[in-house]
Amino acid sequence: MSNNKELVTGAEGLMRSLEHQGVKTLFGYPGGSIMPVYDALYDHRHILQHILVRHEQGATHAAQGFARASGKVGVCLVTSGPGATNTITGIADAMIDSTAIVVIAGQVGTSFLGSDAFQEVDLVGITQPISKWSYQIRRAEDVPWAVARAFYIAASGRPGPVVLDFAKNAQVEKFEYEPVSLDFVRSYIPVPDTDPMSIIMAADLINKAKRPLVLVGHGVELGNAQEELLAFIEKADMPIGCTLLGLSDIPSDHYLNMGMLGMHGNLAPNVKTNECDLLIAVGMRFDDRVTGNLETYAKQAKIIHFDIDPAEVNKNVKVDITVLGDCKQTLRSVTEMILPNKHKEWIASFKPYAEEESIKVIEPEIHPTDGPLKMGEVVRAVSEATRHEAILVTDVGQNQMMAARYFKYTHTRSIITSGGLGTMGFGLPAAIGATFAVCGRTVCVFMGDGGFQMNLQELGTIMEQKSPVKMILLNNNFLGNVRQWQAMFFNGRYSFTPMLNPDYIKIAEAYGIPARRVLERKELSSAIEEMLSTEGAFLLEACVIEEGKVLPMTPPGSSVNEMLLDC
C-alpha cells in the first residue's frame, strides 16, 4: 500500500466521493442491503444532510424537486428489493422530463446474485430502459470512478437519471481511496457539434419570415439559456408559446409571451401554430399533448428545431432545419446573424384570440361572482399574494393544469411539475425537495385530493424537517381530470372517480402542521394571508366546485386550432 492513500471501506469511499462531487443534501430511506452505507453516513452528518423520507418514491421525487429548483444533481439513497423498486416511478419520471438525479441502491452481495436472495432484484435490468446509465458496483475500488461517471452523465448534455446498484460486499471491502474527477466518457457525446451551415440557414429563414412563432421548451431552462432566448426573440420581435415545463423561462407579462401551448394551453398560441409561416422549436420534443393531431400540425410552416439531443429531431415532427447543440450557444450564434425586425401586425393578430379566451374562460374562472370556489381563482389569488415570485410545484391532474394556467411567473426555475409521465403523488415530495434547494423563496404546491393521498405519508418528512411547504389542496372530491374526460367523452359515466375523502385538517393536525379549510369565497383572502404569514408548513384546503372543467381543451385526436372554449 502506498503511503499517501488511505485504506477505507466502499461505503466510506461513497461518502467521500459524494462530498467530492459537491453533494450536501440527499434523500433516502435505510434498509438491510444499504446499512453499511448508512453507518458510514453517520460520521458524515456534518457535511451530508440526509433527509429521511417516508417512502422511497418520495425520495426520488424530492431529489427531482431539489434538482429542478437548484439546477444541481439530486441524490437519493435506498436499499435493495422493494426499496429499489419503489424508486422506479421517479426514475422514469426524471428520464422523460430530463431531470438530473442519481439513485444509489443497496444490493445483495455478489456471491448471492442470481440466487433469489432475500430482497434481491435485478435493478440494472429494470432501470436500463428508463435511465441514462445504470451500473452495478461489485468492487469497492470502483466506487470513486462509478460516482464520478454517474454525476457527469446525469448532469451533462440532456440531463437525466443515473442508477448505481451497490453490492453489499463492495460496501464493506476496503480499498485505497483516491478522489476521481471526470469530464469525458468514451462514446458518450453529451453536446453534439453544431453545423455552421445550420446557423446560417436558420438565420436566413428567420430573416425572411413574416409570421414566426417560437415554441419554448424545458431545454431552455436546462441550458440556462433564458437570457439568450430573450435576446433572440426581442431582436427579431417574435412571439412565443411555452410548453408546460418551459413556462417560467420568460416572465408571464413579457409582451412577446403569448401563453401556454398544449391540450389545456392558451387559445392564441395554439391557433397560431397552424397559421405561422415559420415555427421555431427551442429545447422541446413535440410531445403529443402539444402537437395534437400530427397530420394537421403546422403543415403550412417551415420548421426549425434547436435541440441538444439528436434523437428528438424528426422523431414526431419532420423539420426543415436542425440546429444541434447547447441552446445557450446556438441561440447566441443565430441571434448574431438575424436582422432586427418588427412583426406588429402578426403579434396583434394574437390579441382577438386572447380576448375571446379571457371573456369566455379566464375571467369566469378567476373572478366568479357566485357559486362554489373555483380552482383558477384559488391559484390566481395565491399567485398574487406571493407577488408572483413563488416557486410553483404541482401534482398531476386538473390541479396541475389550473395551476400552470393561472399562476404567474417572474423568476426562472419557478415551475416544478411532472410533465411527460404525469405522475400523481409527485407534488408533495417534490415540494419538500425544492425547499432544500432554495433559500428565501416561497414554495407553493397545488394538489388534488387524489394525488395528495398517493404520497400523504411525506407529511411526516415535513413534520420532522420543518420543511416550509405551503400546501394548497384543491379538493373537489373527485379524480377530477379523469372525471372531466368521463363527462366529455364517456357520457358522464363516472366510473370509480368519486372520492370518499378523510378529514385533511385532522390529518395535518396529527402531524403538527397548521391547517385551514375554506368553504366560501369570502374566506379565501384571509386564509391565504394566514398561510403565507405562518412560519413553516401550512395546509390550506380549498373546497372547490366538484364538476369544474379545465378549459380550453383540444379534444384527443383534434388539431391544435380546434380548441373547445366551452362544453
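For the structure, check the block above.
Reference entry: report on the structure contained in this document. The residue numbers shown here count from 1 along each chain, following its written sequence. Whole-chain, interface and lining totals are the exception, using all residues; otherwise, since this is a predicted model, local features are given only for residues with pLDDT of at least 70 and side-chain atom pairs are given and counted only at 80 or more. In computing side-chain values, all of the structure's heavy atoms are included and hydrogens and water are not.

**A short note on the overall build of the chain**
Right, so step 1: Of regular secondary structure, the chain possesses 24 helices and 20 strands.
Right, so step 2: Radius of gyration here uses only the C-alpha atoms, and the compact-globule reference equals 2.2 Å multiplied by the residue count raised to the power 0.38. The C-alpha radius of gyration computed for the chain amounts to 24 Å, which stays within 12% of the reference 24 Å derived for 567 residues, consistent with globular compactness.
Right, so step 3: Taken along its principal axes, the extent of the C-alpha atoms in the chain is 75 × 60 × 40 Å.
Right, so step 4: Each residue is placed in one exposure class: buried if its accessible area under a 1.4 Å probe, protein chains only, is under 20% of its type's maximum, exposed if it is over 50%, and partly exposed if it falls in between. Across the 567 residues of the chain, 58% fall into the buried class.
Right, so step 5: Every residue pair with non-hydrogen atoms within 4.5 Å of one another is taken to be in contact. When contacts within the chain are restricted to residue pairs at least 6 apart in sequence, those whose partners lie at least 24 apart make up 76%.
Right, so step 6: Surface accessibility of the chain: about 22700 Å² in total, with carbon and sulfur atoms responsible for 52%.
Right, so step 7: In this count, Lys and Arg are taken as positive residues and Asp and Glu as negative ones, while His and the chain termini are left out. Where a charge lies is defined by one atom per residue type: Lys uses NZ, Arg uses CZ, Asp uses CG and Glu uses CD. Computed over 49 positive and 65 negative side-chain charges, the separation of the two mean positions in the chain equals 2 Å. Strands are runs of DSSP state E lasting at least 2 residues, helices are runs of H or I lasting at least 4, and numbering of each runs from the N terminus. Per-residue and other accessible areas follow the Shrake-Rupley method at a 1.4 Å probe size, with only the shown protein chains counted as cover for residues.

**Some thoughts on the packing of helix α1 (residues 10-20) against helix α7 (residues 143-155)**
For any two helices packed against each other, the geometry comes down to the angle between their axes and how far apart the axes lie.
Right, so step 1: A fitted line through C-alpha atoms represents every axis, and for helices the fit uses only the stretch in contact; the resulting angles, taken between N-to-C directions, go from 0 to 180 degrees. Relative orientation of the contacting elements α1 and α7 amounts to 35 degrees, with a least axis distance of 9 Å. Pair α1 / α7 crosses with right-handed handedness. Side by side, α1 and α7 meet where Gly-10, Gly-13, Leu-14, Ser-17 and Leu-18 of the first sit next to Val-143, Pro-144, Val-147 and Phe-151 of the second.
Right, so step 2: Across the contact of α1 with α7, the residue classes break down as 6 nonpolar, 3 polar and no charged. The crossing is said to be left-handed when, going from far helix to near helix, the turn is anticlockwise and less than a right angle, and right-handed when the turn is clockwise. Think of it as three bins: nonpolar holds Ala, Val, Leu, Ile, Met, Phe, Trp, Tyr, Cys and Pro, charged holds Asp, Glu, Lys and Arg, and polar takes everything else, Gly as well.

**Overview of the pairing of strand β19 (residues 515-518)**
Along any regular strand, the residues point their side chains to alternate faces of the sheet.
Right, so step 1: Across 4 bridges, the pairing between β19 and strand β20 (residues 538-543) is parallel. When the sheet's bridge partners are listed, Arg-517 is paired in β20 with Glu-541.
Right, so step 2: Think of it like this: strands point away, you trace from the first strand over the helix to the second, and a clockwise trace means the crossover is right-handed. Following the chain from β19 across helix α24 (residues 521-533) to the adjacent parallel β20, one finds a crossover that is right-handed. Strands pair, by our definition, only if DSSP identifies at least two bridges between them.

**As for the sheet that holds strand β3 (residues 49-52)**
Right, so step 1: Strands sit in the order β3-β2-β4-β5-β7-β6 across an open sheet of 6 strands; the sheet is parallel. Either end of the sheet is taken by a strand with one partner, and the two such strands are β3 and β6 (133-137). Averaged over all pairs of adjacent strands, the angle between strand axes in this sheet comes to 20 degrees, irrespective of strand direction.
Right, so step 2: Summarising the sheet, strand β2 (residues 25-28) and strand β4 (residues 74-78) pair through 2 bridges and their orientation is parallel.

**Thoughts on the pattern of salt bridges**
Right, so step 1: What counts as a salt bridge is simple: a side-chain nitrogen of Lys or Arg found within 4 Å of a carboxyl oxygen of Asp or Glu. For the structure on display, the rule yields 23 salt bridges.
Right, so step 2: Between Lys-328 and Glu-228 there is a salt bridge, and its shortest N-O distance comes to 3.2 Å. On the criterion of sequence distance, the pair formed by Lys-328 in helix α14 (residues 327-337) and Glu-228 in helix α11 (residues 226-236) is long-range, its members being 100 residues apart.
Right, so step 3: For Lys-328, a relative accessible area of 25% corresponds to the partly exposed category.
Right, so step 4: Overlapping salt bridges bring together Arg-158, Asp-309, Glu-312 and Lys-315 as one network.

**Considering the packing of aromatic side chains**
Right, so step 1: Between the rings of Phe, Tyr and Trp (Trp by its six-membered ring), a pair exists once the centres lie within 6.5 Å; its type follows the angle of the planes, with under 30 degrees stacked, over 60 edge-to-face, and the other angles tilted. For the coordinates displayed, the defined rule picks out 15 aromatic pairs.
Right, so step 2: For the ring pair Phe-27 and Phe-436, a centre distance of 6.1 Å and an interplane angle of 75 degrees mean the geometry is edge-to-face. Highlighted residues: Phe-27 in strand β2 and Phe-436 in the loop between α19 (427-435) and β17 (443-448), separated in sequence by 409 residues.
Right, so step 3: Overall, Phe-27 belongs to the buried group, its relative accessible area being 0%.

**Concerning helix α17 (residues 375-385)**
Right, so step 1: Judged by how many residues are buried, α17 sits mostly within the fold: 8 of 11 residues are covered.
Right, so step 2: For α17, the elements touching its buried residues are α16 (351-366), α18 (398-406), β17, β18 (469-475), α24 and β20.
Right, so step 3: Following α17 by one or two positions, Arg-387 has its phi on the positive side, about 60 degrees.

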